[in-house]
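Here is how the chains run, residue by residue.
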Amino acid sequence: MSAYDELLTRYQPVIGLETHVELGTASKMFCGCSTEFGAPPNTHTCPVCLGLPGALPVANADAIESTIRIGLALNCTIASWCRFARKNYFYPDMPKNFQTSQYDEPLCVDGYLDVEVNGALRRIGIERVHLEEDTGKNTHVGGATGRIHGADYSLVDFNRAGIPLVEIVTRPVPGLGAEAPAVARAYVAELRDILRTLGVSDVRMEQGSLRCDVNTSLAPVGATQWGTRTETKNVNSLRSVERAVRSEMLRQATLLDAGTRIVQETRHFSEATGDTRPGRSKEEATDYRYFPEPDLVPMAPDPAWVEALRVALPELPAARRARVRTELDLSPEDLLAVSNAGVTDLVLATVDAGAPAGEARNWWLGYLAQQANGRDVEAADLGVEPAQVARLIALVADGTLSAALARQAVDGVLETGADMDTVVAERGLAVVSDSGTLTEAADKAIAGNPDVAEKVRGGKLPAVGVLVGAVMKATRGQADAATVRQILLERLGAG
Amino acid sequence: MTSGLREATGALTDLDAAAVAAAIADGQASAVEVTQAHLDRIAAIDGQLRAFLHVDAEGALAAAAAVDERHRAGEPLGPLAGVPLAMKDVVVTEGVPTTAGSKILQGWVPPYDATISARIKAAGVVMLGKTNMDEFAMGSSTENSAYFATRNPWDLDRIPGGSSGGSSAAVAAFEAPLAIGTDTGGSIRQPAAVTGIVGHKPTYGAVSRYGLIAFSSSLDQAGPLGRTVLDTALLHQVIAGHDPLDSTSIPQPGPDVVAAAREGARADLRGLRVGVVRELGGEGYQSGVLAAFDAAVEVLRGLGADVIEVSCPHFEYALAAYYLIAPSECSSNLARFDAVRYGLRVGDDGTRSLEEVMSATRKAGFGAEVKRRIMIGTYALSSGYYEAYYGQAQKVRTLIAGDFTSAFTRCDVLVSPTSPFVAFRVGERVADPMAMYVNDLCTLPASLAGTPAISVPCGLAADGSGDPTRLPVGLQVMAPALADDRCYRVAAAFEAARPEPTLPEPTLPEAAR
């Protein structure tokens, strides 16, 4: 029995997740600065997001709308009236030394998200979804840890300061047993898919636009009170979410076995070692001295508008998966392959555009996946729309394109950005099916290879392949090989 | 000691703003001449008065020249084009040093303009410089400036009020016909009252706060000071109006206060219901102040107003509520002064941690009153105390607003003295914060309710100490939210009707004659 399985005989885990999502709005939460990632440091700044004396915030209406849509997708109640609050603490990445956030009046409360692990649905309670501003980004130079203590100097980039940030907080989730790490991962994965479907964020964990803090505690099996929890930060991939919970469970079990109390603390996950390290110890509890932000007016979303947003929500991943199961005529293995490749949307959209499911699957897992890999982009970003793929499949089905020509057509679309029909027309990619043209080419091939022709006439049918190759070459590959073979055999009287 | 700083000189500096604008528009004087005359007066007397922290002669003359250029080109000029103005140093001005009266911002040159700065520029108003103030607008005497105390032109031994004391002194001493002040608990009205000029605190949200260095965000409001009600209204009209950069700015046009001032000047208040607030008077008020106020009420009655007494029972809690709300908000607003991005930095010698440098900077950069309020506010917002202090104070605020609402069902405006005292002596109250805080007793209710209030001179009184110097007293006129025009109408009517000579020039010492 592994140490992990063994600990579960004695302890039961409780997990909770706090997820921060940078919204993909064009401008920041409280000013007009761009939110674009990767610009030179401190170029997307203004008096407001630098916290200059006298500057005032103005709330970004798009960010409020996105937050409400997230809340609706997570089955939350939307507040009819709520406010921003100031969270006061000193840190050099915070231009005002307070973060404009929400405290006891969040925009969205009391929702849930169902996630599927090993074929079973687990309901994760959502306590709240609120809107706040991101901080700047510190780089601590010198020193061993890359943290502020011990650094030679620190650099601050305020480009990120003020980017709208949505915080999604789950209720504590008990009763998961051995599946706690997998459920944590499945929750973040499902949340990521929902956010992507809503189009509110690019949800790139590696760029920090989706960031996860994982709370973990252990209590003895049968205990009625939960254990002391730790909060693990810096969990920047789905795999890390799972590893962080598992490693924290193992660490806490070791301490509890030794009779050591768990300290409530912030810990940092290390991708390199796969374990957690203590964060800066807090000698005293932080008092953020929250109070309602007097520089902003309260938010009072009109219920009719909220209802309109609810009605206009796109099909969410769970519903889509259910539809994929019923509508896509694919084997369970194929469904899984499509899902794992992250192309379910693309396959479904291709089917919606009229293609058979099997063909759509083959293209998105085959040639198109290769092209995406070769270009190091997601299939969705390849530049070939599902409707174009459906058109391609139709052209193959009606014999206009051969498989080889179809691949050339995709190459043409990728090179020119033109649509499928234009590429096929401009490059003359249609299969040559005119029998006069093919008969003429066949006769030329026979005349040019009299000895091969004689062998075929003599009954050595496989030799016809040489002649087929000659015809295909003459027609630049645009003929259907089977048709050519048939014509050749007829002309040689060997059919 | 009385002074000669209010002496009329027969020069361009004697003109009020409306007259200056008319002289420029008629070609009788250029904006450059007017500006130079005021710069000369500043050069001559500000060594004694100390109203300015920074004089921007170059910028002022360039702005004036631009107005003259536009005038020569036949372009239409606004009603205050070419008129000089003194700007309180809490208002951010692009390219012109801005300190809010604090060492922690010494040397900071803002890269942007406050909305009011931009509107003043667009109107062709000429900013002469930045005026002294209590540090971060915390005070009632301008003695809390980190740089120096400003003197009252009526008596150089006395304070000019505060926190907008540099602005009030500059206007009262003819260094500028107009000034911008800010009012959080009375910081426009009380300085106007004790220097014998007009000052208006607009309805909260009527004037943009974008670019005002925040003291207490839910209370701060910028407003105009002038020597006449009409001048004050003209400046109000330039700076007021919705600003998309301030979420708390009122998204609708304000009333025409200039028209209201002109209407008021006809000195007819028949049918107007005036409420005298019972709680703003009596014990603790100087007898000379009360006498001047009573006489002013009789003037209003004489203009046809129906005067009644009203009770606002929660006003007595205004001081306590204010001194929780304002410090709480300031403790957060002033957190940004941390030595990281701008302003003072102390102790950054490579041996100290970030926290140590932040602490050393804030210790050296903030004065005693600012530290006192940051500490009070930090405490009041602390976990476990929030409801008892900040939460309770906000409830009191609602009750005070309710008192106003109730009173305004019975009357159109409320009146009171602007301050319980005339100008006191420099140093007289600095040792006792409570003695300083009670300056704001009459002005705090309108601040907490967000309603407009104006102070207009209503006579002179001695301070009762035996010193015979007669000093200005202010009449405060309070109106419902958005009804700033009522303040101006009543103030203008009073101004037109008050007995002459209402504001005699103070006796000049021999040396100044």
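Residues numbered from 1 in each chain as written. Chains lettered and ligands numbered in written order. Predicted model: local features only at pLDDT ≥ 70, side-chain atom pairs only at ≥ 80, totals over all residues.

1. Overview of the overall build of chain B
Next up, step 1: Each helix and strand in chain B was counted, giving 16 helices and 11 strands.
Next up, step 2: In summary, chain B has a C-alpha radius of gyration of 22 Å against a globular reference of 24 Å for 513 residues, a match within 12%.
Next up, step 3: Projected onto its principal axes, the C-alpha coordinates of chain B cover approximately 65 × 55 × 50 Å.
Next up, step 4: Within chain B, the proportion of its 513 residues that are buried is 61%.
Next up, step 5: When contacts within chain B are restricted to residue pairs at least 6 apart in sequence, those whose partners lie at least 24 apart make up 77%. (Helix = DSSP H or I, 4+ residues; strand = E, 2+ residues; numbered from the N terminus. Rg over C-alpha atoms; globule rule 2.2 N^0.38 Å. Buried ≥ 20, exposed ≤ 12 C-beta atoms within 10 Å, placed from the backbone. Contact = placed C-beta atoms within 7 Å.)

2. What to know about the overall build of chain A
Next up, step 1: Helix and strand counts for chain A stand at 17 helices and 14 strands.
Next up, step 2: For 495 residues, the compact-globule formula gives about 23 Å, and the C-alpha radius of gyration of chain A, at 30 Å, lies well above that figure.
Next up, step 3: Projecting the C-alpha coordinates of chain A onto the three principal axes gives extents of approximately 95 × 60 × 50 Å.
Next up, step 4: Residue burial in chain A is summarised as follows: out of 495 residues, 41% are buried.
Next up, step 5: Contacts spanning at least 24 positions in sequence make up 68% of the contacts within chain A whose residues lie at least 6 apart.

3. Describing unusual backbone geometry
Next up, step 1: Here the bond from Gly162 of chain B into Ser163 of chain B is cis, since omega is 10 degrees, no more than 30 degrees from zero.
Next up, step 2: For Ser163 of chain B, the position within the fold is in the loop between β3 (126-131) and α5 (165-172).
Next up, step 3: For Asn75 of chain A, which is not glycine, the phi torsion reads 65 degrees and is therefore positive.
Next up, step 4: Positionally, Asn75 of chain A belongs in the loop between α2 (61-73) and β2 (77-78).
Next up, step 5: Positive phi, normally seen in glycine, also occurs at Asn97 of chain A, with a value near 60 degrees.

4. Digging into the packing of helix α10 (residues 318-333) of chain B against helix α12 (residues 368-380) of chain B
Helix-helix packing: each pair is described by the crossing angle between the helix axes and the interaxial distance.
All names here are of chain B.
Next up, step 1: It is the contact of α10 with α12, at a shortest axis distance of 7 Å, that shows an interaxial angle of 95 degrees. As summarised for this structure, α10 and α12 are arranged roughly perpendicular, according to the angle between their axes. On α12, the residues that touch Leu324, Pro327, Ser328, Glu329, Cys330 and Ser331 of α10 are Arg373, Ile374, Ile376, Gly377, Thr378 and Ala380. (Axes fitted to C-alpha atoms, helices over the stretch in contact; angles between N-to-C directions. Parallel < 35°, antiparallel > 145°, perpendicular 65-115°, else oblique.)

5. Examining the confidence of the model for chain B
Residue and element names in this part refer to chain B.
Next up, step 1: Across chain B, pLDDT averages 94, with 95% of residues at or above 70.
Next up, step 2: Every residue in residues 501-513 is under pLDDT 50, and counting partners more than four places away or in other chains gives 20 contacts.
Next up, step 3: Interface confidence for the predicted complex, given as ipTM, is 0.94, next to a pTM of 0.85. (pLDDT = per-residue confidence, 0-100.)

6. Some words on the interface of chain B and chain A
Next up, step 1: At the interface, 31 residues of chain B touch 25 residues of chain A.
Next up, step 2: Of all the secondary-structure elements, those providing two or more residues to the side of chain B that touches chain A are α10 and α11 (354-365) of chain B.
Next up, step 3: Ranked by residues supplied to the side of chain B that touches chain A, first place goes to α10 of chain B with three residues.
Next up, step 4: Class assignment for the residues of the side of chain B that touches chain A results in 15 nonpolar, 10 polar and six charged. (Nonpolar A, V, L, I, M, F, W, Y, C, P; charged D, E, K, R; others polar.)

7. Digging into the sheet that holds β2 of chain A
Residue and element names in this part refer to chain A.
Next up, step 1: In spatial order, the strands read β2-β5-β6-β9-β1-β10-β11-β12-β13; together these nine strands make up an open sheet with mixed pairing. Two strands close off the open sheet at either side, each with one partner strand: β2 and β13 (276-278).
Next up, step 2: Where strand β5 (residues 108-117) and strand β6 (residues 120-133) come together, nine bridges link them in antiparallel fashion. Bridge pairing in β6 places Val115 opposite Arg122.
Next up, step 3: Of the strands in this sheet, β1 (11-22), β5, β6, β9 (164-170) and β10 (210-220) touch helix α3 (residues 180-198), which is tilted by about 115 degrees from β5.
Next up, step 4: Of the strands in this sheet, β1, β10, β11 (230-235), β12 (266-269) and β13 are in contact with helix α4 (residues 238-257), which crosses β10 at around 30 degrees. (Pairing = 2+ DSSP bridges.)

8. Quick word on the sheet that holds strand β10 (residues 453-461) of chain B
Residues and elements named next belong to chain B.
Next up, step 1: Strand order in the open sheet formed by 11 strands is β1-β3-β2-β4-β6-β5-β10-β11-β9-β7-β8, and the pairing between neighbours is mixed. The strands lining the two open edges of the sheet, one partner per strand, are β1 (52-55) and β8 (306-310). On average, adjacent strands in this sheet sit at an angle of 30 degrees to one another, irrespective of strand direction.
Next up, step 2: On top of the sheet, helix α7 (residues 229-239) reaches β4 (178-183), β5 (198-201), β6 (221-226) and β10; it is set at about 145 degrees to β6, its chief contact.

9. Things to note about the nonpolar core
Next up, step 1: Among the nonpolar cores identified, the biggest contains 234 residues, and Leu85, Val477 and Ala491 of chain B are the most heavily contacted of them.
Next up, step 2: In terms of residue count, the dominant contributor to this core is α3 of chain A (nine residues).
Next up, step 3: In this view, Val477 of chain B contacts Val413, Val415, Ala453, Ile454, Val456, Cys487, Val490 and Ala491 of chain B; residues no more than four positions away in its chain are not counted.
Next up, step 4: With 51 residues, the next largest nonpolar core counts Trp364, Leu382, Ala409 and Ile487 of chain A among its residues. (Core = buried A, V, L, I, M, F, W, Y, C linked by C-beta atoms within 7 Å.)

10. Observations concerning the pairing of strand β11 (residues 471-478) of chain B
Residues and elements named next belong to chain B.
Next up, step 1: Burial of β11 is extensive: eight of the eight residues sit out of reach of the surface.
Next up, step 2: Where strand β9 (residues 413-417) meets β11, four bridges bridge the pair, whose relative direction is antiparallel. Of the residues in β11, the one forming a bridge with Leu414 is Met478.

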